[in-house]
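Observations on the model geometry
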Amino acid sequence: KRRLIMSEDEYVDGVLKGDRMVLSRAITLIESNSSKHFVKAQRVLQRLLPHTGKALRIGITGVPGAGKSTIIEAFGNMLCDRGHRVAVLSVDPTSSVTRGSILGDKTRMGTLSRRQEAYIRPSPAGGTLGGVARKSRETMLMCEAAGYDVILIETVGVGQSETTVRSMVDFFMLVVLTGAGDDLQGIKKGIMELADAIVINKADGDNLLKAKVARGEYERMIEYIRPATEGWQTHAYTCSAYTKDGIPELWEVIRAFREVTEKSGVFQKRRRGQLLEWMHSMIDEHLHSLFFEDPVITGRMPEVREAVLQGVISPTQAVKELVNMFDVDRAAR
Ligand code: GDP
């Protein structure tokens, strides 16, 4: 029934009406690597921009098996029951290999994915982390324009992806496993420094006591790290995605976070900072690819590299010469 090619107006109207089919197609447009789609997607996004920004953006990270998707399922269902509309996105720069099977797989969130109030979208496949990040950010904006008021962004702890997700969300939580002392050692301090909450999942059955012990251990570790958000004290919490114990409390923590940070202005300040950071990282990537894809540069590169290796010119001099050869107008054409 739906036409193969939709107009800009049809995209904008459909997304604003919350039409999931149109939203999915708009996101596909965002994810496309064709330059024609890029232009259209950006026009659509431009018009939707005034309708974005009202959602609460929550990032969730943790090693595979920590229970991220089970928590998202429990948490998401609870929010939908309370009248929220929840979009679940994922950032997985490895998905070109795994085909997005690790994150955002709807079968992992069976009941949530069947709800009208929820929208689940797996990570865009492949590309650099920067490319995936742009697409995910723009997807998030599309979902906001479509009326989703809670955005959950999931990522596995691989490389830089936690930092990337941290830079797109208001609140960031780290899901960890219970007890195991070696697990505590395995978690990098750097990741703990990004977290507004540390969530010890699987606090049920035989695991309950171990989870409580782990909570104490994390609380002690937190004392030694810099808080992720100014004016907010990160704590460790236990929960069970199975029994739902601690899941409503998690939402209370996030609501308190919003209240405190909005009052202090840290919330708004972070959003503004994130926008500029996004712009700057796109400038970096754009110039980087223009430079390294420029035929004049790629043509001269082997020779210059050799000269550096032979000690004929210094790396600094090499950069100077290459940049002098670089014509940005030519490259951008
Ligand atoms: P993810 O890789 O971080 O998304 O982890 P999953 O959500 O797929 O969970 C990994 C495994 O832990 C699955 O077998 C889940 O059934 C199990 N699991 C998740 N949450 C809980 C929980 O609260 N309690 C218990 N006992 N098991 C859980």
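Refer to the preceding data block for the structure.
In short, a report on the structure. Here the structure is a predicted model, which is why all the values come from computation and not from measurement.

Turning our eyes to something else, we now look at helix 7 (residues 129–145). Taking 1.5 Å of rise per residue, 17 residues should cover 24 Å, and helix 7 covers 24 Å from first to last C-alpha, within 8% of that figure. Judged by how many residues are buried, helix 7 sits mostly within the fold: 14 of 17 residues are covered. Count one or two residues on from helix 7 and you reach Gly147, which has phi positive near 100°.

Turning next to the site of the ligand. Around the ligand, the surrounding shell holds 15 residues, and the nearest of these are Thr70, Arg108, Asp204, Ala241 and Tyr242. Ala241 places a polar main-chain atom, nitrogen or oxygen, 2.7 Å from an oxygen atom of the ligand. Taken together, the residues of the shell around the ligand break down into 5 nonpolar, 6 polar and 4 charged.

Here 7 strands make up an open sheet; going across it, the order is 3-2-4-1-5-6-7 and the pairing parallel. Looking at which strands have only one partner, the edges of the open sheet turn out to be strand 3 (118–121) and strand 7 (235–238). Strand after strand, the sheet turns through a mean of 20° between neighbouring axes, direction not considered. Bridge count between strand 1 (residues 56–62) and strand 4 (residues 150–156): 7 bridges; the pairing is parallel. Among the inter-strand pairings, Ile58 is bridged to a residue of strand 4, identified as Leu152.

Let's shift gears to the environment of Val312. For Val312, the position within the fold is in the loop between helix 14 (295–309) and helix 15 (315–325). According to the relative accessible area criterion, Val312 is exposed, its value standing at 64%.

A word on the packing of helix 12 (residues 247–264) against helix 13 (residues 266–293). A pair of packed helices is characterised by two quantities: the angle between their axes and the separation of those axes. The N-to-C vectors of helix 12 and helix 13 enclose an angle of 80°; their axes lie 5 Å apart at closest approach. Relative to helix 13, the element helix 12 lies roughly perpendicular. Counted together, Phe257, Arg258, Thr261, Glu262 and Ser264 of helix 12 and Val266, Phe267, Gln268 and Arg270 of helix 13 form the full contact between these two elements. Among the residues forming the contact of helix 12 with helix 13, the class breakdown is 3 nonpolar, 3 polar and 3 charged.

One non-glycine residue with positive phi stands out, namely Lys202, at about 65°. Position of Lys202 relative to the elements: it lies in the loop between strand 6 (197–200) and helix 11 (208–222). Its relative accessible area of 33% is what places Lys202 among the partly exposed residues. Of note in the backbone geometry, Lys244 takes a positive phi value of approximately 70° without being a glycine. Mapped onto the secondary structure, Lys244 falls in the loop between strand 7 and helix 12.

With that out of the way, let us pick up the packing of helix 3 (residues 35–48) against helix 7. Between helix 3 and helix 7, the shortest axis-to-axis distance is 10 Å and the interhelical angle comes to 45°. Taken together, helix 3 and helix 7 sit at an angle that is classed as oblique. In this structure, the crossing between helix 3 and helix 7 has a hand that is left-handed. Residues Phe38, Gln42, Val44, Leu45 and Leu48 of helix 3 lie in contact with helix 7, whose contacting residues are Arg134, Glu138, Leu141, Met142 and Ala145. For the contact of helix 3 with helix 7, the residue count by class is 7 nonpolar, 1 polar and 2 charged.

Thresholds applied
- Residues numbered from 1 in each chain as written.
- Predicted model: local features only at pLDDT ≥ 70, side-chain atom pairs only at ≥ 80, totals over all residues.
- Heavy atoms only, no water.
- Helix = DSSP H or I, 4+ residues; strand = E, 2+ residues; numbered from the N terminus.
- Expected span 1.5 Å × (residues − 1).
- Buried < 20%, exposed > 50% of the residue type's maximum accessible area, 1.4 Å probe, protein only.
- Near = heavy atom within 4 Å.
- Polar contact = N/O pair within 3.5 Å; in protein donor to acceptor, adjacent residues only side chain to side chain.
- Nonpolar A, V, L, I, M, F, W, Y, C, P; charged D, E, K, R; others polar.
- Pairing = 2+ DSSP bridges.
- Axes fitted to C-alpha atoms, helices over the stretch in contact; angles between N-to-C directions.
- Parallel < 35°, antiparallel > 145°, perpendicular 65-115°, else oblique.
- Contact = heavy atoms within 4.5 Å.
- Left-handed = near helix turned anticlockwise from the far one by under 90°.

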